[in-house]
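In case you want the letters, here they are:
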Amino acid sequence: MAVKKILMLVGDYVEDYEVMVPFQMLLMVGHDVHAVCPGKKSGEQVRTAIHDFEGDQTYSEKPGHNFTLNANFDDVDPAAYDALVVPGGRAPEYIRLNPRVIEIVKHFGATKKPIAAICHGPQLLAAAGVVSGCSLMAYPSVQPEIELAGGTYVSPNETFTSAVVSNNLVTSPAWPAHPEWIRKFLEMLGTKIEP
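Treat the numbers as computed from the prediction; the structure is a model and nothing was measured. (Residues numbered from 1 in each chain as written. Predicted model: local features only at pLDDT ≥ 70, side-chain atom pairs only at ≥ 80, totals over all residues. Heavy atoms only, no water.)

1. Observations concerning the overall build of the protein chain
At step 1: For the protein chain, the helix and strand inventory stands at six helices and 11 strands.
At step 2: Relative to the globule expectation of 16 Å for 195 residues, the C-alpha radius of gyration of the protein chain, 15 Å, shows essentially globular dimensions.
At step 3: When contacts within the protein chain are restricted to residue pairs at least 6 apart in sequence, long-range pairs at least 24 apart make up 67% of them.
At step 4: Surface exposure of the protein chain reaches about 8,500 Å², of which carbon and sulfur atoms provide 51%.
At step 5: The positive charge centre, built from 15 side chains, and the negative charge centre, built from 22, are 6 Å apart in the protein chain. (Helix = DSSP H or I, 4+ residues; strand = E, 2+ residues; numbered from the N terminus. Rg over C-alpha atoms; globule rule 2.2 N^0.38 Å. Contact = heavy atoms within 4.5 Å. Areas by Shrake-Rupley, 256 points an atom, 1.4 Å probe, with all protein chains shown as cover. Lys, Arg positive; Asp, Glu negative; His and termini not counted. Charge placed at Lys NZ, Arg CZ, Asp CG, Glu CD.)

This is the structure we're talking about:
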C-alpha cells in the first residue's frame, strides 16, 4: 500500500465518533493524517459532541471528548495532500465561513482528489461549490443545501449504514456508516480491504 497524506478539517463541536474513529482507522492502515482547525495549532484541542439517535425528531447532542490536533492550520498547503476528510457535527456549519477553508476544499474539488465527508460535512462541500453534478449522502437536514448547490441527495438506508461514491466524493449520513464509508474511501485511495 502506498502511504497517502490526508488532510482532516475539523472545528469545535465536530462529531466525536466522526473525527476520532476515521482518524484512528486511517492511521491504523498506515496513512499519514493531519487534523487541523482554523485558528488552532498542533497540540491544541477541539471540543467534540456525541450525536445519538434516540427516537426524537432529530439527533440528541451530548458532550464528547477533546480531540488533539496534530498539525497547524496556517501551514496547510493543499497541494501537499492526497485526500481530504470532513467529519460532521456542528463544525462544518461555521468553518465554512472561513475563506481559507473554502479555498482548501476548492483545491481538492478542482484537482479531483478523493474527498470523504460524513453527516453535516457536505455542508462544507456545498459551500465550496464542489458538489454540482454529484450524488451525495448526508444527514437528511443537509439535503436542501446539497440540492441548492447542484448536487443530488441520495437517501440513506434505514440503519444509516450506507455510503455513496460519486466522482471524487464518498459521502455517508452519520457515524453508523463508518465501515462502509471508510472502506469506500480506502478503495479510492488504492487500499483494498477485504470484508
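2. Observations concerning the pattern of salt bridges
Where side chains of opposite charge bring their charged atoms close, a pairing between them can arise.
At step 1: This model, assessed by the stated rule, comprises eight salt bridges.
At step 2: Linked through salt bridges whose partners overlap, the residues forming this network are E180, R183, K184 and E187. (Salt bridge = Lys/Arg side-chain N within 4 Å of Asp/Glu carboxyl O.)

3. Details of the pairing of strand β7 (residues 115-118)
At step 1: Burial of the side chains of β7 extends over both faces: I115 and A117 are buried on one face and A116 and I118 on the other.
At step 2: Two strands pair when backbone bridges link them, and β7 and strand β11 (residues 169-172) are joined in this way by four bridges, in the parallel orientation. Across the sheet, residue A116 finds its bridge partner in β11, namely V170. (Buried < 20%, exposed > 50% of the residue type's maximum accessible area, 1.4 Å probe, protein only. Pairing = 2+ DSSP bridges.)

4. Details of the sheet that holds strand β1 (residues 5-9)
At step 1: Sheet architecture is open: six strands sit in the order β3-β1-β6-β7-β11-β10, paired in mixed fashion. Sheet topology places β3 (32-36) and β10 (164-166) at the edges, where each strand pairs with a single neighbour. Averaged over all adjacent pairs, the angle separating strand axes in this sheet is 20°, with direction ignored.
At step 2: Two elements, β10 and β11, share three bridges in a ladder whose sense is antiparallel. Its bridge partner lying in β11, V164 is registered against T171.
At step 3: Against the sheet, helix α3 (residues 99-110) contacts β1, β6 (83-86) and β7, and its axis sits at roughly 140° relative to β1.
At step 4: Contacts between helix α6 (residues 178-188) and the sheet are confined to β1, β6, β7, β10 and β11, with β11 contributing the most and set at about 175° to the helix. (Axes fitted to C-alpha atoms, helices over the stretch in contact; angles between N-to-C directions.)

5. Some details on the sheet that holds strand β2 (residues 14-15)
At step 1: The three strands lie next to each other as β2-β4-β5, forming an open sheet whose pairing is mixed. Lying at the two open borders of the sheet, with one neighbouring strand each, are β2 and β5 (60-68).
At step 2: Where helix α1 (residues 16-28) meets the sheet, it contacts β2, β4 (45-52) and β5, and its direction lies at approximately 35° from that of β5.

6. Side note on α1
At step 1: A rise of 1.5 Å per residue sets the reference length of α1, with its 13 residues, at 18 Å; its end C-alpha atoms lie 18 Å apart and thus fit the reference within 8%.
At step 2: Taking the backbone nitrogen of Y17 as reference, a side-chain oxygen 2.7 Å away marks E15 as the first, capping residue of α1.
At step 3: Note on α1: the residue one or two positions beyond its end, G30, has a positive phi of about 105°. (Expected span 1.5 Å × (residues − 1). Polar contact = N/O pair within 3.5 Å; in protein donor to acceptor, adjacent residues only side chain to side chain.)

7. Some points on the packing of aromatic side chains
At step 1: Following the criterion strictly, the structure yields seven aromatic pairs and no others.
At step 2: A centroid spacing of 5.9 Å and a plane angle of 55° characterise the contact between F53 and F160, whose relative ring orientation is tilted. Here F53 is found in the loop between β4 and β5, whereas its partner F160 is found in the loop between β9 (152-153) and β10, with 107 residues between them in sequence.
At step 3: Taken together through their ring pairs, the aromatic side chains of Y17, F53, Y59, Y139, F160 and W175 make up a single cluster. (Phe/Tyr/Trp six-rings, centres within 6.5 Å; stacked < 30°, edge-to-face > 60°.)

8. Details of the side chain of T191
At step 1: Here T191 lies in the segment after α6.
At step 2: Once residues within four sequence positions are removed from consideration, T191 is found in contact with M1, H31 and L186.

9. Here's the deal with α6
The α-helix advances 3.6 residues per turn, and as a result positions three or four apart in sequence lie on the same side.
At step 1: Listing the buried residues of α6 in full gives H178, W181, I182, K184, F185 and L186.
At step 2: Those residues of α6 hidden inside the fold are in contact with β1, α1, β6, β7, β10 and β11.

10. Description of the packing of α1 against α6
Any two packed helices are characterised by how steeply their axes cross, that is the angle between the axes, and by the distance between the axes.
At step 1: Here α1 crosses α6 at 45°, and the two axes come no closer than 11 Å. Here α6 runs oblique to α1, going by the angle between their axes. Here the hand of the crossing between α1 and α6 comes out right-handed. Touching Y17, E18, V21, P22, M25 and L26 of α1 are H178, W181, I182, F185 and L186, all from α6.
At step 2: Taken together, the residues of the contact of α1 with α6 sort by class into nine nonpolar, one polar and one charged. (Parallel < 35°, antiparallel > 145°, perpendicular 65-115°, else oblique. Left-handed = near helix turned anticlockwise from the far one by under 90°. Nonpolar A, V, L, I, M, F, W, Y, C, P; charged D, E, K, R; others polar.)

Nothing here speaks to function; it is geometry throughout.
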